[in-house]
Amino acid sequence: MITREVVIKTDKLTKKFGDFIATNEISFEVYSGEIFGFLGANGAGKTTAIRMLCGLLTPTSGHATVAGFDIYKQTEKVKSNIGYMSQKFSLYEDLTPRENIKFYGGIYGLTDKEIKGKSDSLIHQLGLEMQADKLVGSLPLGWKQKLAFSVAIIHDPKIVFLDEPTGGVDPVTRRQFWDLIYDASEKGITSFVTTHYMDEAEYCNRISMMVDGVMKECDTPSILKEKYHTDSMDEVFFELARGAKRTAD
Amino acid sequence: MKQFLSFLRKEFHHVFRDRKTLLLLFGMPIIQIVLFGFALTNEIKNSKIVVCDYSKDDITQRITEKIAASKNFEIKQSVLGHKEIEQAFKSGDIKLAVIFPSAFQTDLEAGRRVQVQIIADASDPNTATTLTSYATNILRDFQQDMQPLQHAPMNISTTARMIYNPDLKGATNFVPGVMALVLMLICVLMTSASIVREKENGTMEVLLVSPMNPLLVIISKAIPYLLLSLVNLIIILLLSVYLLGLPVKGNVFLLFGESTLLIITALSLGLLISNSTSSQQTAMMISIMGLLLPTVMFTGFMFPLENMPKPLQIISNLVPSKWYYTIVKNIMIKGLGFSHVWKETLILAGMTVFLLLVSLQKFKIRLS
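Residues numbered from 1 in each chain as written. Chains lettered and ligands numbered in written order. Predicted model: local features only at pLDDT ≥ 70, side-chain atom pairs only at ≥ 80, totals over all residues. Heavy atoms only, no water.

Peer 1: Could you give me a rundown of the overall build of chain A, with the residues and numbers involved?
Peer 2: Looking only at helices and strands, chain A features nine helices and 10 strands. Relative to the 2.2 N^0.38 estimate, which gives 18 Å for 249 residues, the radius of gyration of chain A is 18 Å and therefore close to what a compact globule would have. Along the first, second and third principal axes, the C-alpha atoms of chain A reach 50 × 40 × 40 Å. Taking all 249 residues of chain A together, the buried fraction comes to 54%. Taking the contacts inside chain A whose residues are at least 6 apart along the sequence as the reference set, 68% of them involve residues at least 24 apart. Of note, chain A has its 30 positive side-chain charges centred 4 Å away from the centre of its 35 negative side-chain charges. (Helix = DSSP H or I, 4+ residues; strand = E, 2+ residues; numbered from the N terminus. Rg over C-alpha atoms; globule rule 2.2 N^0.38 Å. Buried < 20%, exposed > 50% of the residue type's maximum accessible area, 1.4 Å probe, protein only. Contact = heavy atoms within 4.5 Å. Lys, Arg positive; Asp, Glu negative; His and termini not counted. Charge placed at Lys NZ, Arg CZ, Asp CG, Glu CD.)

Peer 1: Requested: an account of the side chain of K79 of chain A, with residues and values cited.
Peer 2: One can find K79 of chain A in helix 2 (residues 75-80). Nearest to the buried, unbridged K79 of chain A among oppositely charged side chains is E76 of chain A, at 4.3 Å. Of note is the side chain of K79 of chain A, whose polar atom sits 3.0 Å from the backbone oxygen of L208 of chain B. (Salt bridge = Lys/Arg side-chain N within 4 Å of Asp/Glu carboxyl O. Polar contact = N/O pair within 3.5 Å; in protein donor to acceptor, adjacent residues only side chain to side chain.)

Peer 1: Describe the domain arrangement of chain B, with residues and values.
Peer 2: Each assigned domain of chain B is listed with its residue range as follows: domain 1 (2-40 + 169-367) and domain 2 (47-146). With centres defined by C-alpha atoms, the gap from domain 1 of chain B to domain 2 of chain B works out at 48 Å. (Domains from an automatic or database assignment.)

Peer 1: Just give me the short version of the interface of chain B and chain A, but keep the residues and values in it.
Peer 2: With 25 residues of chain B at the interface, the matching set in chain A holds 30 residues. Summed over both sides, the interface between chain B and chain A buries roughly 2400 Å², with carbon and sulfur atoms accounting for 59% of that surface. For the pair chain B and chain A, the interface holds two salt bridges. Inspection of the chain B/chain A interface yields 10 residue pairs in polar contact (both at pLDDT 80 or more). Looking at the side of chain B that touches chain A, the elements that each hand over two or more residues are helix 1 (2-17), helix 7 (171-201) and helix 8 (203-209) of chain B. A per-element tally of the side of chain B that touches chain A places helix 1 of chain B first, with nine residues. By residue class, the composition of the side of chain B that touches chain A is eight nonpolar, nine polar and eight charged. (Buried area = accessible area lost by both parts, 1.4 Å probe. Nonpolar A, V, L, I, M, F, W, Y, C, P; charged D, E, K, R; others polar.)

Peer 1: Go over the sheet that holds strand 5 (residues 69-70) of chain A with me, naming the residues and quoting the values.
Peer 2: Residue and element names in this part refer to chain A. Read from one edge of the open sheet, four strands run 2-1-4-5, paired in antiparallel fashion. Among the strands making up the open sheet, the edge pair consists of strand 2 (20-31) and strand 5. Here helix 1 (residues 46-54) sits on the sheet and contacts strand 1 (6-17), strand 2 and strand 4 (61-66); the angle it forms with strand 1, its principal contact strand, is near 120°. (Pairing = 2+ DSSP bridges. Axes fitted to C-alpha atoms, helices over the stretch in contact; angles between N-to-C directions.)

Peer 1: Now, about the sheet that holds strand 10 (residues 214-219) of chain A: what can you tell me, with residues and values included?
Peer 2: All names here are of chain A. Here six strands make up an open sheet; going across it, the order is 6-7-8-3-9-10 and the pairing mixed. A single partner strand is all that each edge strand has here, and the edge strands are strand 6 (82-85) and strand 10. Along the sheet, successive strands turn relative to each other by an average axial angle of 15°, direction set aside. Across the face of the sheet, helix 5 (residues 141-152) comes into contact with strand 6 and strand 7 (159-163) while running at roughly 160° to strand 6.

Peer 1: Go over the packing of aromatic side chains, please, and point to the residues and values.
Peer 2: Counting across every chain of the model gives 16 aromatic pairs over all chains. Relative to F38 of chain A, the ring of F28 of chain A has its centre 6.0 Å away and its plane inclined at 40°; by these criteria the two rings are tilted. Within this pair, whereas F28 of chain A is found in strand 2, its partner F38 of chain A is found in strand 3 (residues 35-40), the two being separated by 10 residues in sequence. Across this residue pair, the class does not change: F28 of chain A and F38 of chain A are buried. A ring pair is formed by F237 of chain A and F238 of chain A, whose centres lie 6.3 Å apart and whose planes are at 65°; its orientation type is edge-to-face. Through a chain of ring-to-ring contacts, three or more aromatic side chains come together here, namely F28, F36, F38, F161 and F192 of chain A. The residue whose ring lies beneath R174 of chain A is Y197 of chain A, and the NZ or CZ to ring-centre distance is 3.6 Å. The ring centre of W323 of chain B lies 4.7 Å from the NZ or CZ of K322 of chain B, which sits over that ring. (Phe/Tyr/Trp six-rings, centres within 6.5 Å; stacked < 30°, edge-to-face > 60°. Lys NZ or Arg CZ within 6 Å of the ring centre and 35° of its normal.)

Peer 1: Lay out helix 5 of chain A with the relevant residues and their values.
Peer 2: All names here are of chain A. Its 12 residues place the ends of helix 5 16 Å apart at the C-alpha level, agreeing with the 16 Å of an ideal helix rising 1.5 Å per residue. Of all the 12 residues making up helix 5, 10 are buried; the element is thus mostly covered by neighbouring parts of the structure. For helix 5, the set of buried residues is G142, K144, Q145, K146, L147, A148, F149, S150, V151 and A152. Residues of helix 5 that are buried make contact with strand 6, helix 3 (97-107), helix 4 (112-126), strand 7 and helix 6 (171-186). (Expected span 1.5 Å × (residues − 1).)

Peer 1: Residue-level account of the packing of helix 10 (residues 252-276) of chain B against helix 13 (residues 320-333) of chain B, with values.
Peer 2: All names here are of chain B. At their nearest, the axes of helix 10 and helix 13 sit 10 Å apart, and the two run at 175° to each other. As judged from the angle between their axes, helix 10 and helix 13 are roughly antiparallel. Of the residues in helix 13, those touching helix 10 at L254, L255, E258, S259, L262 and T265 are P320, S321, Y324, I327, V328, I331 and M332. (Parallel < 35°, antiparallel > 145°, perpendicular 65-115°, else oblique.)

Peer 1: Got a sec to walk through the domain arrangement of chain A? Specific residues and values, please.
Peer 2: Residue and element names in this part refer to chain A. Entries for chain A in the domain assignment read domain 1 (1-81 + 157-249) and domain 2 (87-155). Taken together, the contact between domain 1 and domain 2 spans 20 residues of the former and 13 residues of the latter. Here domain 1 packs against domain 2, burying approximately 1300 Å² in sum over the two surfaces, 66% of which is carbon and sulfur. Of all residues in domain 1, P157, F177 and L180 give up the largest surface area on contact with domain 2, accounting jointly for 35% of the area buried on that side. Where domain 1 packs against domain 2, one counts zero salt bridges. Remark: the boundary between domain 1 and domain 2 carries two residue pairs in polar contact (both at pLDDT 80 or more). Going through the elements one at a time, helix 2, strand 7 and helix 6 are the ones with two or more residues in the side of domain 1 that touches domain 2. Considering every element that reaches the side of domain 1 that touches domain 2, the biggest residue donor is helix 6, with seven residues. Along the lines of polarity and charge, the residues of the side of domain 1 that touches domain 2 split into 10 nonpolar, six polar and four charged.

Peer 1: Which residues make up the pairing of strand 7 of chain A, and what values go with them?
Peer 2: Note on strand geometry: in a regular strand, side chains alternate between the two faces of the sheet. All names here are of chain A. Most of strand 7 sits inside the fold, with five of its five residues counted as buried. Burial along strand 7 is two-sided: I159, F161 and D163 and V160 and L162, pointing in opposite directions, are all buried. Relative to strand 7, strand 6 runs parallel, the two sharing four bridges. Considered in strand 7, the bridge of M85 is made with L162. As paired elements, strand 7 and strand 8 (residues 190-195) share five bridges and run parallel to each other. For D163, the partnering residue across the bridge sits in strand 8 and is T194.

Below, the structure written as structure tokens:
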């Protein structure tokens, strides 16, 4: 992990909404192919941070580069090099999986041939052959989430941002979902994941903890556990979040 | 371009998969045209009346026959006196009574002034006024027929000609009104709902994170509804020509051009609504309460604007469909060209530019 390429680098990134400081001078680096967990209680500033990195929000101060591009000046370049999956399910329910793939491939500028190849391999990989031409609305949530992830990385982005991707999904499907993230990681796609589940935190290469807009910790799960003299990430989280003043967002 | 086409294809999928909405979109104008064209007509046919003839002579007989021949009236009975007239009104279904005084013919032939009394049930004032004028017209007609026989030295008569709509068909008013209503409703309601739906589903975020230009998102949202509205317009015009027998007297292309302008106005309004709301329900409520009502009230096809108090008349100027209605009436019914509607067109275009600028401005603010 030492000589890896840096794909996200922030330097004192701050966003204020009036008097409210959503994220306060956060600085971190994420390396290529890494699975980076972004943890924090509700209202800790996770979503704000992700939105700034995706070019949806302009930071108040600080600097950041994503995939080597400046998030102030090169938002268009940033956008074509990232994938995004939100906590809300982000496929169209009244389209079939194939049509969803075609649509997202289309707006990321893939050629028809690429889209055809991608959708065949994707549908095969997810075992969706039978459902490929049924409406997404009729699929179970777990499959939808897996499909949504696959669609989010359809254009082989450098980084994929996953904002609580596994909310409301059963443990087995969550495990399968993480397999997909690992596959993507092997292909060199960096995953930037926010989650509430502490068992998922264990799957990450490195995790960061946000408390009240400040980044309290940023390290591998094992080092963090050692530091807080415990063997579960739950404990680490509670230890850190105890001082939080903000509650739900 | 590729992005744009992908997006457009997706939008059409949305529209065509939502069968119920589609049915509503095409059913609504058809039902409205049929309703307004046939059921809700403001001409009055076959009103039941009574005739009370104190004279019972040749002339009163001929007048009575003339009244009976009119399609507006149906003589229910001939009564003997005023008491019975009152009874007839009270029993309900009589709208009008015509009373000839005694010695009608004798007085008339002697050159004296004679009067026919008309009593109308004014509990519904509009009907009463209309019926009275129908009856007066019949009497005047009769008098003119008699003219050569009589040598009355002074007799000023008026001839009223109803131009553009000689048959006084109600449909001439309603068709342009329905066009305005349907276009406004479809475009505003559907665009705002379809944009807000993306917000609700969280797909808007994904679209904004994608390299797709937000402006293209908006344009491709608008295009399906623009096309649908034009198809609807064709349906309405076909119905009005073949079902209601109301031809388009002016230039059809001009009519479509002006309609496209209204559609764009409505689309920008829809965009504006979708920017300020985040749930489909709110968007629909705003569209219906904030648009349907003013459109129906202030366009002028249901309630004459001239009769409204001044402040309401001023407010009506803010309703885009009012201007469109005037334009369509001028083109469709009067057969006038662009030189007669350029003022209204300019106002409508001004509104469109204003709404479009405001809504795009708001859209950008939300993105930053």
